[in-house]
Amino acid sequence: MTIREILHHPDERLRTKAESVSKYDGKLETLVADMFETMYAAPGIGLAATQIDVHLKVIVVDCGKQDPRPLHFINPELVRLEGIEQMEEGCLSVPGIFETVSRAESIKVRAFDKCGIQFEMEADGLLAVCIQHEIEHLEGKLFVDMLSNFKQKRIIKKLSKLNI
């Protein structure tokens, strides 16, 4: 396993839309393992392949004590969104920044595992928020896109001062 470099906002590569995975092979298995290693080392609770400059629809999550399961999703798609929840979010690609964002409170996601087996899963709370956040990365979006222009400019200024 290898710890990969995480791209930081405003790097334009974070805006690249990911492509669907079509090969379920050793390379995909290595990518998933590297993503977990990178996420844990950061440390974080979720990571999308886009964040490590791999533009494939792959995400990993592990919400720790609140939902202690390392999960991976290949070609994930949200098939149900219910309710609205506000939660403070952060992002490994926007280090040190935390803002309150509104997302669906409860979701159903359809995806494949690294062996190519399709599954569906329901989630709520932090896990639902994390899955939604990571899927947005695959679409070239960041949680800061949901904030006002003023807050976005303030975040970029703060990150530039930190040389990130």
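Here, every reference points to the structure presented above.
Conventions we followed
- Residues numbered from 1 in each chain as written.
- Predicted model: local features only at pLDDT ≥ 70, side-chain atom pairs only at ≥ 80, totals over all residues.
- Heavy atoms only, no water.
- Pairing = 2+ DSSP bridges.
- Helix = DSSP H or I, 4+ residues; strand = E, 2+ residues; numbered from the N terminus.
- Contact = heavy atoms within 4.5 Å.
- Expected span 1.5 Å × (residues − 1).
- Buried < 20%, exposed > 50% of the residue type's maximum accessible area, 1.4 Å probe, protein only.
- Axes fitted to C-alpha atoms, helices over the stretch in contact; angles between N-to-C directions.

S.K.: Just to check I follow, could you spell out the pairing of strand β5 (residues 94–103) for this structure?
M.R.: Of the strand pairs in this sheet, strand β4 (residues 85–91) and β5 are connected by 6 bridges, and their pairing is antiparallel. Bridging across to β5, Cys-91 finds its partner in Val-94. A loop of 2 residues connects β4 with β5, the two strands running antiparallel in sequence.

S.K.: Just checking my understanding: could you explain the environment of Lys-114 for this structure?
M.R.: Turning to its location among the elements, Lys-114 is positioned in the loop between β6 (106–112) and β7 (118–124). Expressed as a C-alpha distance, the spacing of Lys-114 and Ala-104, which sit 10 residues apart in the sequence, is 26 Å. Sequence-distant contacts of Lys-114, that is, excluding residues within four places in its chain, are made with Tyr-24, Leu-28, Glu-29, Val-32, His-72 and Ile-74.

S.K.: What should I look at first to understand helix α2 (residues 125–138) in this one?
M.R.: Because each turn of an α-helix spans 3.6 residues, side chains separated by three or four positions end up pointing in the same direction. The terminal C-alpha atoms of α2, which comprises 14 residues, lie 21 Å apart, in line with the 20 Å expected from a rise of 1.5 Å per residue. Burial analysis of α2 places 12 of its 14 residues in the buried class, which makes it a mostly covered element. Of all the positions in α2, only Leu-127, Ala-128, Val-129, Cys-130, Ile-131, Gln-132, His-133, Glu-134, Ile-135, Glu-136, His-137 and Leu-138 are classed as buried. After α2 finishes, the residue Gly-140 shows a positive phi value of roughly 80°.

S.K.: I keep staring at the sheet that holds strand β1 (residues 46–48) and nothing clicks. Help me out?
M.R.: Read across the open sheet, the 5 strands follow the order β1-β2-β3-β6-β7; overall the sheet is antiparallel. Either end of the sheet is taken by a strand with one partner, and the two such strands are β1 and β7. The mean inter-strand angle of the sheet, taken between neighbouring strand axes irrespective of direction, is 40°. With 4 bridges joining them, strand β2 (residues 58–61) and strand β3 (residues 71–82) adopt antiparallel strand pairing. Within β3, the position partnered with Ile-59 by the bridge is Phe-73. Those strands touched by helix α1 (residues 26–41) are β1, β2 and β3, and its axis lies near 40° from that of β2. Most of the contacts of α2 go to β2, to which it runs at about 155°, and overall it touches β1, β2, β3, β6 and β7.

S.K.: What should I look at first to understand the environment of Leu-56 in this one?
M.R.: Of note, Leu-56 is situated in the loop between β1 and β2. The partly exposed category is assigned to Leu-56, whose relative accessible area is 30%. Taking the C-alpha atoms as reference points, Leu-56 and Ala-104, separated by 48 residues in sequence, lie 24 Å from one another. Filtering out sequence-adjacent residues up to four positions away, Leu-56 remains in contact with Ala-18, Glu-19, Ser-20, Val-21, Leu-31, Ala-49 and Leu-138.

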